[in-house]
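Residues per chain, in single letters:
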Amino acid sequence: MKKGEIFEGMVEGLNFPNKGILHIEGEAVTVKHVLPGQKIRATVCKRRGGTWEGRLLEILEPSPLETETNVCRHFGVCGGCSCQSISYGEQLKLKEAMIKKLIGEYCPESAFEGIIGSRRPSCYRNKMEYSFGDEVKDGPLMLGLHKRGSFHDIVTVEDCRIADGDFRKILMGTLELCREEGLSFYRKMRHEGYLRHLLIRKAWKTGEILVALVTSGQTEGLENEEAFLGRFVHMAKQLPLEGTLAGVLHMRNDSQADVVKSDRTTILYGRDFFYEELLGLRFKITPFSFFQTNSCGAEVLYRTVRDYIGETQEKLVYDLYSGTGTIAQVLAPVAKKVIGVEIVEEAVAAARENAALNGLSNCEFLAGDVLKTLASIAEKPDLIVLDPPREGIHPKALPMILSYGVERIVYISCKPTSLARDLGVFAAAGYQLQRACCVDMFPGTAHTECVVLIQRKHI
């Protein structure tokens, strides 16, 4: 095979998260954004690790698995979902098989407990970050998600099936207003324009909604920004929402990076936070608080963690990479003490506030990098919970975590490839995997959360 060569073939299977496997002229090829059983046309891009990588050009024949007809009309164009065209039951089977294959070297057959499906396969996302832009160069203003494989093109996703219904109403109301106002969007390459992002968050239990319009400070062409923001609030308050508006915010972001952030936040209406409830606990959530994007699934995930960690009575638990302390607070009522470590200071502040809100006095949250902070803690753990970012545990932090020699470690992973890599280190240090399962937090996509229980071997 040669770079640039176009080929046709049948997708034989998937590697996590969505890399289709084919064999062309006796050589292995992987292609993203495909499903098993599809006949595809693709072009050869490069060779990596003994395998060719291809880029999808066209799906010539659908997979026999693709039986769903009522799919989102943006499916295949938007870069979000990858498997809406197959039934939810088949989605779960694919994910389970991929994870089982990925961690199989360290996971005995008897230890793998399968996948737990979501009670809400659609409309489950409690947070969306939409971008302003155009779908084609110099086209009309759009507001939504990036096209698959594109850094610039935006698809207005008014039919999105994974976002809450209120999000779609706010999305379209905002777009209509901004089009009427004739406002420009921020062009990333030129660093010019006004409209940047729309951030929406909603609580599953309380129904409270937080809306933030993110703009630059470049108000050329905008006669009166304050008056426009007033009209934005009025629009949001007039929408027939199922939830209730807790607050409407304006965030100014003049950084060149294409990320949702705030240099300055102004409360236009209500407050800059809302409340969510999970497993009998109450959480105050701000615009940038880390919180699982599927609240319904989060309850299942945290119950699983609580089950896997086992007996915690009179035990000190470390919750490493603790975020806003949700897991720590779920474990605190049945533990002697929980110490959370998190590098994001805002998240630590939120964790402390939420622990006080829930009347939990046996939680301590420390701000700092896990690698550096562990050395400063005098109290040694009896059990450890790990919920690292996508890249997994820092290699230099692993030896320190292992040095405690705790009996049980529960590892939560949103990127199973990182989990598989770290499991090898635990195995070499004398730990073995006792239980493992997947919790599907992201229906319609190729992603899933994994929870594993690792136990120290006794010789």
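As the structure is a computational prediction, the values presented were derived from the model and not from experiment.

Thoughts on the overall build of the protein
Turning to step 1, where the next piece is worked out: Looking only at helices and strands, the protein features nine helices and 23 strands.
Turning to step 2, where the next piece is worked out: Relative to the compact-globule value of 23 Å for 459 residues, the protein shows a C-alpha radius of gyration of 24 Å, a close match.
Turning to step 3, where the next piece is worked out: Principal-axis analysis of the C-alpha atoms gives the protein an extent of 75 × 65 × 35 Å.
Turning to step 4, where the next piece is worked out: The buried share among the 459 residues of the protein stands at 54%.

Examining empty space enclosed by the protein
Rolling a probe over the atoms, with the probe sized like a water molecule, indicates the empty space that remains.
Turning to step 1, where the next piece is worked out: Counted by the stated rule, this structure contains five cavities of 30 Å³ or more.
Turning to step 2, where the next piece is worked out: Its boundaries defined by the atoms lining it, the largest cavity holds a volume of some 80 Å³.
Turning to step 3, where the next piece is worked out: Around the largest cavity, the lining comprises 14 residues; the ones closest to its centre are Leu-14, Leu-35, Ser-82, Cys-83 and Ala-446.
Turning to step 4, where the next piece is worked out: Considering each element in turn, the lining of the largest cavity owes the most residues, four residues, to helix 1 (residues 88-103).

Section: the packing of aromatic side chains
Turning to step 1, where the next piece is worked out: This model, assessed by the stated rule, comprises five aromatic pairs.
Turning to step 2, where the next piece is worked out: On the numbers, 6.3 Å between centres and 70° between planes, the contact of Tyr-194 with Phe-228 is edge-to-face. Of this pair, Tyr-194 sits in the loop between helix 2 (165-181) and strand 11 (195-202) while Phe-228 sits in helix 3 (residues 225-238), placing them 34 residues apart in sequence. Side by side, Tyr-194 and Phe-228 carry an identical accessibility label, which is buried.
Turning to step 3, where the next piece is worked out: Its guanidinium or amino end placed over the ring of Phe-273, Lys-284 lies 4.2 Å from that ring's centre, counting from NZ or CZ.

Considerations on the pairing of strand 18 (residues 337-342)
Consecutive side chains of a regular strand alternate in pointing toward one face of the sheet and then the other.
Turning to step 1, where the next piece is worked out: Across the six residues that make up strand 18, a large majority, six, are buried.
Turning to step 2, where the next piece is worked out: Side chains of strand 18 alternate between two faces, with Lys-337, Ile-339 and Val-341 and Val-338, Gly-340 and Glu-342 buried alike.
Turning to step 3, where the next piece is worked out: Note that strand 17 (residues 316-320) and strand 18 share five bridges and pair parallel. Each bridged residue has a counterpart across the sheet, and for Leu-320 the counterpart in strand 18 is Val-341.
Turning to step 4, where the next piece is worked out: Since strand 17 and strand 18 lie parallel, the crossover through helix 5 (residues 326-331) that links them has a hand, and here it is right-handed.
Turning to step 5, where the next piece is worked out: Note that strand 18 and strand 19 (residues 363-367) share five bridges and pair parallel. Note that in strand 19 the partner of Ile-339 across the bridge is Glu-364.
Turning to step 6, where the next piece is worked out: In this region the chain leaves strand 18, passes through helix 6 (residues 345-357) and returns to the parallel neighbour strand 19; the handedness of that crossover is right-handed.

Considerations on the pattern of salt bridges
Turning to step 1, where the next piece is worked out: This structure, assessed with the given rule, holds 30 salt bridges.
Turning to step 2, where the next piece is worked out: Salt-bridge contacts for Glu-277 lead to Arg-282; the nearest nitrogen and oxygen are separated by 2.8 Å.
Turning to step 3, where the next piece is worked out: Glu-277 gets classed as partly exposed once you look at its relative accessible area, which sits at 32%.
Turning to step 4, where the next piece is worked out: Here the residues in one salt-bridge network are Asp-164, Asp-166, Lys-169 and Lys-202, joined through shared partners.

Observations regarding the environment of Ala-367
Turning to step 1, where the next piece is worked out: In this fold, Ala-367 is placed in strand 19.
Turning to step 2, where the next piece is worked out: Considered as a pair, Ala-367 and Glu-345 are 22 residues apart in the sequence and their alpha carbons are 5.5 Å apart.
Turning to step 3, where the next piece is worked out: Residues in contact with Ala-367, not counting those within four places in the same chain, are Glu-342, Glu-345, Val-348, Arg-352 and Thr-373.

A closer look at the pairing of strand 6 (residues 51-61)
Turning to step 1, where the next piece is worked out: As judged from the three bridges shared by strand 4 (residues 27-32) and strand 6, these two strands associate in the parallel manner. Following the sheet pairing, Thr-30 is matched in strand 6 by Glu-53.
Turning to step 2, where the next piece is worked out: Two strands pair when backbone bridges link them, and strand 5 (residues 39-48) and strand 6 are joined in this way by nine bridges, in the antiparallel orientation. What sits directly across from Arg-48, in strand 6, is Thr-51.

Quick look at the layout of surface pockets
Turning to step 1, where the next piece is worked out: The volume enclosed by the second largest pocket comes to roughly 590 Å³.
Turning to step 2, where the next piece is worked out: Lining the second largest pocket we find 25 residues, and of these Val-31, Lys-32, His-33, Leu-56 and Arg-148 sit closest to its centre.
Turning to step 3, where the next piece is worked out: A per-element tally of the lining of the second largest pocket places strand 6 first, with seven residues.
Turning to step 4, where the next piece is worked out: A breakdown of the residues in the lining of the second largest pocket according to their chemical character gives nine nonpolar, seven polar and nine charged.

As for the packing of helix 1 against helix 9 (residues 416-428)
Turning to step 1, where the next piece is worked out: Contact geometry of helix 1 with helix 9 gives a least axis separation of 9 Å together with a crossing angle of 25°. In terms of axis orientation, helix 1 runs roughly parallel to helix 9. Like other packed secondary-structure pairs, helix 1 and helix 9 cross with a definite hand, here right-handed. Across from Ile-99, Leu-102 and Ile-103 in helix 1, the residues of helix 9 making contact are Pro-416, Thr-417, Leu-419, Ala-420 and Leu-423.
Turning to step 2, where the next piece is worked out: Among the residues making up the contact of helix 1 with helix 9, the classes are represented as seven nonpolar, one polar and no charged.

Thoughts on the side chain of His-250
Turning to step 1, where the next piece is worked out: With respect to the helices, strands and loops of the structure, His-250 is situated in strand 13 (residues 244-252).
Turning to step 2, where the next piece is worked out: A distance of 2.8 Å separates the side chain of His-250 from the side chain of Thr-215, its partner in a polar contact.
Turning to step 3, where the next piece is worked out: Every residue in contact with His-250, bar those within four places of it in the chain, is listed here: Tyr-194, Leu-213, Thr-215, Glu-225, Leu-229, Arg-264, Thr-265, Thr-266 and Leu-268.

Rules and cut-offs
- Residues numbered from 1 in each chain as written.
- Predicted model: local features only at pLDDT ≥ 70, side-chain atom pairs only at ≥ 80, totals over all residues.
- Heavy atoms only, no water.
- Helix = DSSP H or I, 4+ residues; strand = E, 2+ residues; numbered from the N terminus.
- Rg over C-alpha atoms; globule rule 2.2 N^0.38 Å.
- Buried < 20%, exposed > 50% of the residue type's maximum accessible area, 1.4 Å probe, protein only.
- 1 Å grid on protein atoms, 1.4 Å probe; cavity = no way out; pocket = protein on both sides within 12 Å on 5 of 7 lines; lining within 4 Å.
- Points joined across faces, edges and corners; volume = space filled by probe spheres on them.
- Phe/Tyr/Trp six-rings, centres within 6.5 Å; stacked < 30°, edge-to-face > 60°.
- Lys NZ or Arg CZ within 6 Å of the ring centre and 35° of its normal.
- Pairing = 2+ DSSP bridges.
- Right-handed = clockwise from strand over helix to strand, strands pointing away.
- Salt bridge = Lys/Arg side-chain N within 4 Å of Asp/Glu carboxyl O.
- Contact = heavy atoms within 4.5 Å.
- Nonpolar A, V, L, I, M, F, W, Y, C, P; charged D, E, K, R; others polar.
- Axes fitted to C-alpha atoms, helices over the stretch in contact; angles between N-to-C directions.
- Parallel < 35°, antiparallel > 145°, perpendicular 65-115°, else oblique.
- Left-handed = near helix turned anticlockwise from the far one by under 90°.
- Polar contact = N/O pair within 3.5 Å; in protein donor to acceptor, adjacent residues only side chain to side chain.

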